[in-house]
Amino acid sequence: MIYLDYAASTPPYPQVVCLMSEIMQQSFGNPSSIHDQGRKARVIIEEARKEISALLNVPTASLFFTSGGSEAINTAISGCVFDLGIRNIITSEREHPAVLNAVKRMKLLVPEIKVSFVTHHDNLNVNQEDLEKLAAGNSGALVILMHANNETGNLLPLKNVEKICRTHHALLLSDTVQTIGKYSIDLSESGVDFATCSAHKFHGPRGAGFLYVKPGIRINALIQGGGQERNLRSGTENVAAIAGMAEALKISLTDIGKKITQVQNLKAEFVGKLKKLCPEIQFNGTSENAGLYNTLSVSFPFNEKTSALVYLLDMKGIAVSGGSACASGAIIKAEGDTSKVNVRFSFSTLTTKDEIEQVIHALSEILC
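What you see is a predicted model; the values in this text were computed from it and never measured.

Structural notes on the packing of helix H2 (residues 36-56) against helix H9 (residues 239-253)
And step 1. At a closest axis distance of 9 Å, the pairing of H2 and H9 adopts a crossing angle of 25°. Our classification of the angle between H2 and H9 gives roughly parallel. Two packed elements cross with a definite hand, and for H2 against H9 that hand is left-handed. The segment H2 lies against H9, with Ala41, Ile44, Ile45, Ala48, Glu51, Ile52, Leu55 and Leu56 engaging Val239, Ile242, Ala243, Met245, Ala246, Leu249, Lys250 and Leu253.
And step 2. Within the contact of H2 with H9, the residues separate by chemical class into 14 nonpolar, no polar and two charged.

And the structure:
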């Protein structure tokens, strides 16, 4: 199998699997217990928190472990509405379903909430001038915009958006699921008030993530129970997964510059071969030569050969996506163009030149 769907999920590093297996066998105590096994589990959690906070340059007290990005997003949005009294939300129709569905639910629960959607330029980048106008007209809003679009890879200029938010006293929640582990990110310097993470996007375990909450902001738990995670996320912590997440992040960010260059070169080679094979293709957003370096969103002309392209590639042992794993191409489909078939190819340092050649060969068999 050739796997080119790394934006959806990644295989855990062997070191992560070994570490988690060891912890599950040897440190199985409940981290809330006061006996030796419980204390050992607690130490593992706090060491992981310390390691992640150092890698992202944030205080340890600002990280709260969750089951992943969706839970982190829902916790932040719920806290902003019910605990901070936010009644104006500014977001984008191209956000992850975790954002759009959570905002929709908040609107049902609190009807006086006003939801505004920022527009985009033709290249699918956020229209910062429109964002400025919306923020000015809705002072004290919650702005929710993803750092990297999960379908096209378009990157949000966080510092520019943060400046707009500060000018108009808005809070900024950024879904950083697609960028944490792929870039060296200083969350303190970024200025975001909330950020989210999911470990399986950078070769960590599924079912582990965290919510970053800027120091000084206080919200309450979405999940009630025993008061774990300093009362922000109840439930017995997944000790092995939390440790695995920290290990995966450490490995992912080691020599990150070299890794970025390696994947960029593979992507550029793939783009060149795709253009020769099918000159009429188009690249969505900024994915051809900008944006998230491991993501390429391609529109093929709709015809009998391309209509089932994702499935035909799967039959040849090649895994790609029709869009994002969660939205199945909803962001591109929202453009209203049914004359194209959209495919997302996403790469990692595990991708080889030989795999690129095999995918191009498979596409030539299907399309020609």
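With respect to the sheet that holds strand E6 (residues 171-174)
And step 1. Pairing in this open sheet of seven strands is mixed, and the strands run E2-E8-E7-E6-E5-E3-E4 from one edge to the other. A strand with exactly one partner marks an edge of an open sheet, and here the two such strands are strand E2 (63-66) and strand E4 (114-117). Geometrically, the sheet is characterised by an average inter-axis angle of 20° between neighbouring strands, direction not taken into account.
And step 2. Inspection of the sheet shows strand E5 (residues 142-144) paired to E6 by three bridges, in the parallel sense.

A short note on the nonpolar core
In globular proteins that are soluble, nonpolar side chains generally tend to be buried together.
And step 1. One finds Phe270, Leu274, Phe300 and Phe345 to be the most contacted residues of the largest nonpolar core, which totals 84 residues.
And step 2. It is H9 that provides the largest number of residues to this core, a total of 11 residues.
And step 3. With residues up to four places along the chain from it excluded, the contact list for phenylalanine 345 reads Leu4, Phe270, Asn294, Thr295, Leu296, Val298, Phe300, Val320, Val359 and Leu363.
And step 4. Residues Phe64, Ala98, Val99 and Leu142 belong to the second largest nonpolar core, which totals 26 residues.

Brief notes about the sheet that holds strand E9 (residues 282-283)
And step 1. As summarised here, the arrangement of the three strands in space is E9-E10-E12, forming an open sheet in which the pairing is antiparallel. The outermost strands of the open sheet, each flanked by one partner alone, are E9 and strand E12 (340-346).
And step 2. The pairing of strand E10 (residues 295-301) with E12 spans seven bridges and is classified as antiparallel. Among the inter-strand pairings, valine 298 is bridged to a residue of E12, identified as valine 343.
And step 3. Against the sheet, helix H10 (residues 256-277) engages E9, E10 and E12, with an angle of about 10° to E10.

Brief notes about the environment of asparagine 265
And step 1. If you trace the backbone, asparagine 265 turns up in helix H10.
And step 2. Judged by relative accessible area, asparagine 265 falls into the partly exposed class, the value being 49%.

With respect to the confidence of the model for the protein chain
Note that predicted coordinates carrying low pLDDT should not be read in detail.
And step 1. The predicted model of the protein chain averages 95 in pLDDT, with 96% of residues at 70 or higher.
And step 2. Scored below 50 in pLDDT, residues 328-334 shows 18 contacts in the model against residues more than four places distant or in partner chains.

Thoughts on the packing of aromatic side chains
And step 1. Within the structure shown, the criterion is met by four aromatic pairs.
And step 2. A centroid spacing of 5.2 Å and a plane angle of 85° characterise the contact between tyrosine 183 and tyrosine 293, whose relative ring orientation is edge-to-face. Here the residue tyrosine 183 occupies a position in the loop between E6 and helix H7 (187-190), and tyrosine 293 occupies one in the loop between E9 and E10, the gap between them amounting to 110 residues. The same class applies to tyrosine 183 as to tyrosine 293, namely buried.
And step 3. Relative to phenylalanine 345, the ring of phenylalanine 270 has its centre 4.9 Å away and its plane inclined at 65°; by these criteria the two rings are edge-to-face. Here the residue phenylalanine 270 occupies a position in helix H10, and phenylalanine 345 occupies one in strand E12, the gap between them amounting to 75 residues. Here phenylalanine 270 and phenylalanine 345 have matching classes, each one buried.
And step 4. Here a set of aromatic residues connected by ring pairs shows up, and it is made of Phe270, Phe345 and Phe347.

Concerning unusual backbone geometry
With glycine set apart, most residues show a phi of negative sign, and most peptide bonds adopt trans.
And step 1. The phi torsion at asparagine 57 lies on the positive side, around 60°, for a residue other than glycine.
And step 2. One can find asparagine 57 in the loop between H2 and E2.
And step 3. On the basis of relative accessibility, which here comes to 43%, the residue asparagine 57 falls in the partly exposed class.

A few points about the pairing of strand E8 (residues 209-213)
And step 1. With five of five residues buried, E8 is to be regarded as a mostly interior element.
And step 2. Side chains Gly209, Leu211 and Val213 of E8 all project onto a buried face; the interleaved residues Phe210 and Tyr212 project onto the opposite face, where all are buried too.
And step 3. In the sheet, E2 pairs with E8 via four bridges, with the strands oriented antiparallel. Along E8, the bridge assignment pairs phenylalanine 64 with leucine 211.

Points about the pairing of E4
And step 1. Where strand E3 (residues 88-91) meets E4, four bridges bridge the pair, whose relative direction is parallel. For asparagine 88, the partnering residue across the bridge sits in E4 and is lysine 114.
And step 2. One crossover worth recording links E3 to the parallel E4 by way of helix H4 (residues 97-109), and it is right-handed.

The rules behind each value
Residues numbered from 1 in each chain as written. Predicted model: local features only at pLDDT ≥ 70, side-chain atom pairs only at ≥ 80, totals over all residues. Heavy atoms only, no water. Axes fitted to C-alpha atoms, helices over the stretch in contact; angles between N-to-C directions. Helix = DSSP H or I, 4+ residues; strand = E, 2+ residues; numbered from the N terminus. Parallel < 35°, antiparallel > 145°, perpendicular 65-115°, else oblique. Left-handed = near helix turned anticlockwise from the far one by under 90°. Contact = heavy atoms within 4.5 Å. Nonpolar A, V, L, I, M, F, W, Y, C, P; charged D, E, K, R; others polar. Pairing = 2+ DSSP bridges. Core = buried A, V, L, I, M, F, W, Y, C linked by side-chain atoms within 4.5 Å. Buried < 20%, exposed > 50% of the residue type's maximum accessible area, 1.4 Å probe, protein only. pLDDT = per-residue confidence, 0-100. Phe/Tyr/Trp six-rings, centres within 6.5 Å; stacked < 30°, edge-to-face > 60°. Right-handed = clockwise from strand over helix to strand, strands pointing away.

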